[in-house]
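# Structure at a glance
For reference, the chains in residue letters:
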Amino acid sequence: MIAKFVANFKGEHQVWINQGKIMDNSDVHMIYVLLDGVGDLPHPDLDGKTPLEAANTPILDKIASNGAIGEVISVGKGIAPESDIAVFNMLGYKFKHEDYAGRGVIEAIGIGIDFKDGDLALRGNYSTLDDQGVIIDRRAGRHIEKEDADGIAKEIEEKIKFSNPDTSVVVSPTIGHRVTVRIRNDGKKLSSKITNTDPAYSNIGGMGVAKAVGDFLKIEKCLPLEDIEDAKSTANIVNEFSEQTINICKESQINKKREDQGKKKLSCILLRDAGNKYPDVIPINEKYGMNFSCIVDMPVELGISEVLKMKAFEAGGLTDYEEKARVAAKAMETQNSIYVHLKGPDEFGHDGDAIGKMKNIEEIDQRFFKTLVENIDTNKVAIVISADHSTPCINKGHSDDPVPVLVSGDFIKKDGTTRMTEAQAKKGSIGLLQGAEVVTKSLELIKSQT
């Protein structure tokens, strides 16, 4: 199914060159905001409304009334994507799954791990197991003290003993429960053609796709996806890592202290989205003929910005919404476009907290969007708002449900939209887009009116 909905960007780029189309968007000014996982489904805690529908968002409503709306399927129908491939698509980059480097590589690049072709990089989660090895929390409480996360990682690096003495590992905690793992075998290329040990995601050619899962989950054995020696030996290395990590974590004094303090233990690292090569894509400024920059926080988004050669602006922490808005507005003095990724809504979706997600949307409305519109001239600067994917609270995970996309500005032809919601998106004049079409379609709307 994935092959039907994704295409090789290199081929697409070749057509673009052969047709002699040289993009020049140096006259455009656009602030492109992705609200991570903001799409949702009706929820009983919100009287059958989605968080976007239930939220009081006067600023977003004003922005919506000044533009046009539509729907987006970020990666493909039937595909519940992870954030990495979803963001790539929403920035206009489509991949065949065999051409994608994998989220592990993107995050390794994002946090500056020494990575070279032939290494194996994986995204990991610190997770909590019960005495029977059942996963009782895939994120080990989500908010993990850095001292504990780094301490366990150091123990793993120091104590693990691979059967092949030429094998080494780097374990790098990033934010909360998130970990990036790089495995290197000196003199031998490791294979990315292996399955995940994380039972909540499938590895389909390096792309992470969320699975429909129940409450009874265990770490899965890593298996080769190809009947070749490289894949088999790499799977064995990953299994050695998982098995030894569980034992190291079990004996760790850090976990004994956490247990005494009533905190969830860091029992293991669930691994997914293996990659073994540096991605090769055209830089985003060349693709669109403009200065395209970003404000991002998470390792995966930092990796994407590095891969696409986007200038990244510093703008505070995850919830410094006013600062992010001010920096985005100021960037319009030197940039044609700035992509802003706001993480908040996605975490509430994963936690199944519909009321919390609604309140976070209201907070973003008042703190980010209010500050943004106070600092830009909407007669000159367009605002594009969408999401990388939907994270329905009733699912506690990503889904393939369409998300709204809004293109707003004084020069945009209005379609009667009054709110940015899933229901209004179905009726908007933009229609239904694929994620990789969003930036190009937004530029078309902006330039057709200006």
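Each value, and the rule that gives it
- Residues numbered from 1 in each chain as written.
- Predicted model: local features only at pLDDT ≥ 70, side-chain atom pairs only at ≥ 80, totals over all residues.
- Heavy atoms only, no water.
- UniProt positions renumbered as here; feature names shortened; annotations may be inferred.
- Buried < 20%, exposed > 50% of the residue type's maximum accessible area, 1.4 Å probe, protein only.
- Helix = DSSP H or I, 4+ residues; strand = E, 2+ residues; numbered from the N terminus.
- Contact = heavy atoms within 4.5 Å.
- Core = buried A, V, L, I, M, F, W, Y, C linked by side-chain atoms within 4.5 Å.
- Domains from an automatic or database assignment.
- Axes fitted to C-alpha atoms, helices over the stretch in contact; angles between N-to-C directions.
- Parallel < 35°, antiparallel > 145°, perpendicular 65-115°, else oblique.
- Nonpolar A, V, L, I, M, F, W, Y, C, P; charged D, E, K, R; others polar.
- Phe/Tyr/Trp six-rings, centres within 6.5 Å; stacked < 30°, edge-to-face > 60°.
- Lys NZ or Arg CZ within 6 Å of the ring centre and 35° of its normal.
- Left-handed = near helix turned anticlockwise from the far one by under 90°.
- Salt bridge = Lys/Arg side-chain N within 4 Å of Asp/Glu carboxyl O.
- Polar contact = N/O pair within 3.5 Å; in protein donor to acceptor, adjacent residues only side chain to side chain.
- Pairing = 2+ DSSP bridges.

Per an unreviewed UniProt entry, the recorded name for the protein is Phosphoglycerate mutase, and the organism is Candidatus Nitrosopumilus koreensis AR1. Turning to the protein, the UniProt annotation filed under Sequence similarities (unreviewed entry) states: "Belongs to the BPG-independent phosphoglycerate mutase family. A-PGAM subfamily."

### A look at helix α12 (residues 321-331)
Along α12, the residues that are buried comprise Tyr321, Lys324, Ala325, Val327, Ala328, Ala329 and Ala331. Considering only its buried residues, α12 is in contact with β1 (30-35), β10 (292-295), β12 (337-342), α13 (344-350) and α14 (354-374).

### As for the nonpolar core
By size, the foremost hydrophobic cluster in this structure holds 96 residues, and its most contacted members are Leu91, Phe292 and Phe369. It is α14 that provides the largest number of residues to this core, a total of seven residues. Taken domain by domain, the makeup of this core includes at least three residues from each of domain 1 (30-93 + 281-448) and domain 2 (104-275). Ignoring any residue separated from it by four or fewer positions in sequence, one finds Phe292 in contact with Met30, Tyr32, Leu91, Ile284, Asn285, Met310, Lys311, Gln335, Ser337, Tyr339 and Val439. Counting residues in hydrophobic clusters, the runner-up holds 30 residues, among them Tyr126, Ala149, Phe241 and Ile254.

### Concerning the packing of helix α4 (residues 58-65) against α14
Helix-helix packing: each pair is described by the crossing angle between the helix axes and the interaxial distance. Between α4 and α14, the least distance of the axes is 8 Å, while the angle of their chain directions is 45°. The orientation of α4 relative to α14 falls into the category oblique. Where α4 abuts α14, its residues Pro58, Ile59, Leu60 and Ile63 lie against Asp365, Gln366, Phe369, Lys370 and Val373. Considering only residue class, the contact of α4 with α14 consists of six nonpolar, one polar and two charged.

### What to know about the packing of aromatic side chains
Counted under the stated rule, the structure contains seven aromatic pairs. The interplanar angle of 80° and the centroid separation of 5.4 Å between the aromatic rings of Phe88 and Phe95 together place this pair among those described as edge-to-face. Both residues of the pair, Phe88 and Phe95, belong to the buried class. Ring centres 5.9 Å apart and planes at 80° place the aromatic pair Phe88 and Tyr100 in the edge-to-face group. Note that Phe88 is positioned in helix α5 (residues 83-90) and Tyr100 in the loop between α5 and α6 (103-111), a separation of 12 residues in sequence. Each member of the pair, Phe88 together with Tyr100, is buried. Here a set of aromatic residues connected by ring pairs shows up, and it is made of Phe88, Tyr93, Phe95 and Tyr100. Note that Arg272 overlies the ring of Tyr201, its terminal NZ or CZ placed 4.3 Å from the centroid. The ring of Tyr93 has Lys287 lying over it, and the distance from NZ or CZ to the ring centre is 5.2 Å.

### Concerning the packing of α5 against helix α11 (residues 299-307)
Two numbers describe how α5 lies on α11: the axes approach to 10 Å, and their chain directions differ by 40°. Classified by the interaxial angle, the pair formed by α5 and α11 is oblique. Judged by the sense of rotation from one axis to the other, the crossing of α5 with α11 is right-handed. Contacts between α5 and α11 involve Ser83, Asp84, Val87 and Phe88 from the former and Val300, Glu301, Ile304 and Val307 from the latter. Its residues placed into classes, the contact of α5 with α11 shows five nonpolar, one polar and two charged.

### So, unusual backbone geometry
One non-glycine residue, Ala140, adopts positive backbone phi at about 50°. In this fold, Ala140 is placed in the loop between β4 (135-137) and α7 (146-159). Residue classification places Ala140 among the buried positions, given a relative accessible area of 2%. You will see that Lys396, though not glycine, has its phi angle at about 55°, which is positive. Inspection of the secondary structure assignment puts Lys396 in the loop between β13 (382-386) and β14 (403-408). Among the residues examined, Lys396 registers a relative accessible area of 52% and is labelled exposed.

### Brief notes about the domain arrangement of the protein
Under the domain assignment, the protein is made up of domain 1 (30-93 + 281-448) and domain 2 (104-275). A separation of 30 Å is found between the C-alpha centroids of domain 1 and domain 2. On inspection of domain 1 and its partner domain 2, the count reaches four salt bridges. A salt bridge links Arg272 to Glu82; the nearest nitrogen and oxygen atoms lie 2.7 Å apart. The tally of links between domain 1 and domain 2 comes to four residue pairs in polar contact (both at pLDDT 80 or more). Mapped onto the side of domain 1 that touches domain 2, the elements with two or more residues apiece are α5, α11 and α13.

### Thoughts on the pairing of strand β9 (residues 268-275)
Along β9, eight of the eight residues are buried, which leaves the element largely enclosed by surrounding structure. Alignment of strand β3 (residues 120-129) against β9, held across six bridges, turns out to be antiparallel. In the sheet register, Asn125 faces β9, and the bridge partner there is Leu270.

### A few points about the side chain of Gln335
For Gln335, the location among the structural elements is in the loop between α12 and β12. Overall, the relative accessible area of 10% leaves Gln335 in the buried class. Engagement of the side chain of Gln335 in a polar contact is seen with the side chain of Thr334, the distance being 3.4 Å. In this view, Gln335 contacts His29, Asn291, Phe292, Ser293, Lys311 and Phe313; residues no more than four positions away in its chain are not counted.

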